[in-house]
Amino acid sequence: MIEASLVMLFIGAGCFMYRLLRGPSLPDRVVGVDGLLSTIVIAIVVVATDKHSGLTVETVLVAVLVGFVGTTALSRFIERRGD
Amino acid sequence: MSIVSGVFLVVGSALAMIGGIGTVRFPDFLSRMHAAAKAPTLGLLLVAIGAAIEIGTEIAITTLVLVVILQLLSSPVGAHALSRASRRQVVVQLDDVDQLTRDEQDGPAAD
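Residues numbered from 1 in each chain as written. Chains lettered and ligands numbered in written order. Predicted model: local features only at pLDDT ≥ 70, side-chain atom pairs only at ≥ 80, totals over all residues.

Considerations on the overall build of chain A
Rules: Helical segments are the DSSP runs of H or I of at least four residues, strand segments are the runs of E of at least two, and each set is numbered from the N terminus. Here the globule rule is a power law, 2.2 Å times the number of residues to the power 0.38, and the radius of gyration is based on C-alpha atoms. Using C-beta atoms placed from the backbone, we call a residue buried if 20 or more other C-beta atoms fall within 10 Å of its own, exposed if 12 or fewer do, and partly exposed for counts in between. Any two residues are considered in contact once their C-beta atoms, placed from the backbone, lie within 7 Å.
The helix and strand tally for chain A stands at three helices and zero strands. Computed over its C-alpha atoms, the radius of gyration of chain A comes to 15 Å, more than 25% above the 12 Å expected for a compact globule of 83 residues. If one aligns the C-alpha atoms of chain A with their principal axes, the spans along those axes are about 50 × 25 × 10 Å. The proportion of buried residues among the 83 residues of chain A is 41%. Long-range pairs, those at least 24 residues apart, make up 42% of the contacts in chain A with a sequence separation of at least 6.

Rendered as structure tokens:
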């Protein structure tokens, strides 16, 4: 079941990466970054479950906070840059 | 691994994959944001439940509860800030009236 989860997360990360690279506008790329970080967070939790490691879970806390700060800062940047 | 936590992990990962597919397939920006903001949040919730069942130590459960609360609080805030900031730069199919622009021009509606 770990393998099935990781395969599906890989497909999802590929889709977000497509939107990050191709996205016609800057907000689309920000959506790609946000979703990619959410997928990475889920993947870290799945790997921590595989290893039965409580310490690996703590990495996720940092990743969630970095994702929130990154999305908010980029949205402020987009708003200020606006025409 | 127990069956219950395995099912939680698989369903949560499937939700993250569905969010990615929606991000690729949907036609305009707000639809893509709708797919990317909601589905992985529920996916993280389910995967965290599965991990808490499987790992079972106190520190892991506490951290996972904190992670889920932070994600449930921060994901809608980030999505709202991004969609409000970028509404002038992307092509959006509007209804008859753009209420945000109307409120900015006329001031908020009198209650």
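What to know about the overall build of chain B
Counting its secondary structure elements, chain B contains four helices and zero strands. Each helix (α) and strand (β) of chain B, taken in turn from the N terminus, gives the series α-α-α-α. In terms of its C-alpha atoms, chain B occupies a principal-axis envelope of roughly 60 × 35 × 20 Å. The buried share among the 111 residues of chain B stands at 38%. Taking all contacts inside chain B whose residues are at least 6 apart in sequence as the whole, residues at least 24 apart take part in 68%.

Describing the nonpolar core
Side chains that are nonpolar tend, in soluble globular proteins, to be buried together. Defined as follows: Take the buried Ala, Val, Leu, Ile, Met, Phe, Trp, Tyr and Cys residues, join any whose C-beta atoms are within 7 Å, and the set you get is a nonpolar core.
Core analysis: the biggest nonpolar cluster contains 45 residues, and A:Leu9, A:Ile42, A:Val45, B:Val47, B:Ala48, B:Ala51 and B:Leu64 have the highest contact counts within it. Elements with a contribution of two residues or more to this core: helix H1 (2-22), helix H2 (26-51) and helix H3 (54-81) of chain A together with helix H1 (3-25), helix H2 (29-55) and helix H3 (58-85) of chain B. Examining the composition of this core, we find that 13 residues originate from one element, H2(B), more than from any other. A:Leu9 has contacts with A:Thr39, A:Ile42, A:Ala43, A:Val46, B:Ser13, B:Ala16 and B:Met17, leaving out every residue within four places of it along the chain.

Description of H1(A)
Quick note on the threshold: What a helix is expected to span follows from its residue count: subtract one and scale by 1.5 Å.
In a regular helix each residue adds 1.5 Å, so 21 residues correspond to 30 Å; H1(A) covers 30 Å between its end C-alpha atoms and thus fits that length. In this structure, the buried residues of H1(A) make contact with H2 of chain A together with H1 and H2 of chain B.

Points about the interface of chain A and chain B
Many authors give the size of an interface as the accessible area that is lost as the parts come together. Counted only if it meets this: Each residue receives one of three labels: charged for Asp, Glu, Lys and Arg, nonpolar for Ala, Val, Leu, Ile, Met, Phe, Trp, Tyr, Cys and Pro, and polar for the others, Gly being one of them.
Counting from both sides, the interface comprises 44 residues of chain A and, opposite them, 45 residues of chain B. Those elements that place two or more of their residues in the side of chain A that touches chain B are H1, H2 and H3 of chain A. Among the residues forming the side of chain A that touches chain B, the class breakdown is 24 nonpolar, 13 polar and seven charged.

Comments concerning the environment of B:Glu58
Locating B:Glu58 in the fold gives a position in helix H3. Residues B:Glu58 and B:Ser83 lie 25 residues apart in sequence; the distance between their C-alpha atoms is 38 Å.

Comments concerning helix H4 (residues 99-106) of chain B
The element H4(B) is barely covered by neighbouring structure, given that only zero of its eight residues are classed as buried. Among the residues trailing H4(B), B:Gly107 stands out with phi positive, at a value near 85°.

Examining the environment of A:Leu26
Following the sequence through the fold, A:Leu26 ends up in helix H2. A C-alpha to C-alpha distance of 11 Å links A:Leu26 and A:Arg81, two positions 55 residues apart in sequence.

Topic: the packing of H2(A) against H2(B)
Using the following cut-off: Angles run from 0 to 180 degrees between N-to-C directions of axes, and those axes are lines fitted to C-alpha atoms, restricted for helices to the stretch in contact. Roughly parallel means an angle under 35 degrees; roughly antiparallel, over 145; roughly perpendicular, 65 to 115; everything else is oblique.
Relative orientation of the contacting elements H2(A) and H2(B) amounts to 10°, with a least axis distance of 9 Å. With respect to their mutual orientation, H2(A) and H2(B) come out roughly parallel. Residue classes in the contact of H2(A) with H2(B) are distributed as 16 nonpolar, six polar and four charged.

What to know about the packing of H2(A) against H3(A)
Two measures define how a pair of helices packs: the angle their axes make with one another and the distance between the axes. Residue and element names in this part refer to chain A. Closest axis-to-axis distance for the H2/H3 pair is 9 Å, and the angle between their directions is 175°. In terms of axis orientation, H2 runs roughly antiparallel to H3. Split into classes, the residues belonging to the contact of H2 with H3 amount to 17 nonpolar, six polar and two charged.

Quick notes on the confidence of the model for chain A
Let me state the cut-off plainly: Per-residue confidence from the predictor is reported as pLDDT, a score between 0 and 100.
In this model, chain A carries a mean pLDDT of 88, and residues with pLDDT of at least 70 account for 98%. No element of chain A has a lower mean pLDDT than H3(A), which averages 88, and none a higher one than H1(A), which averages 92.

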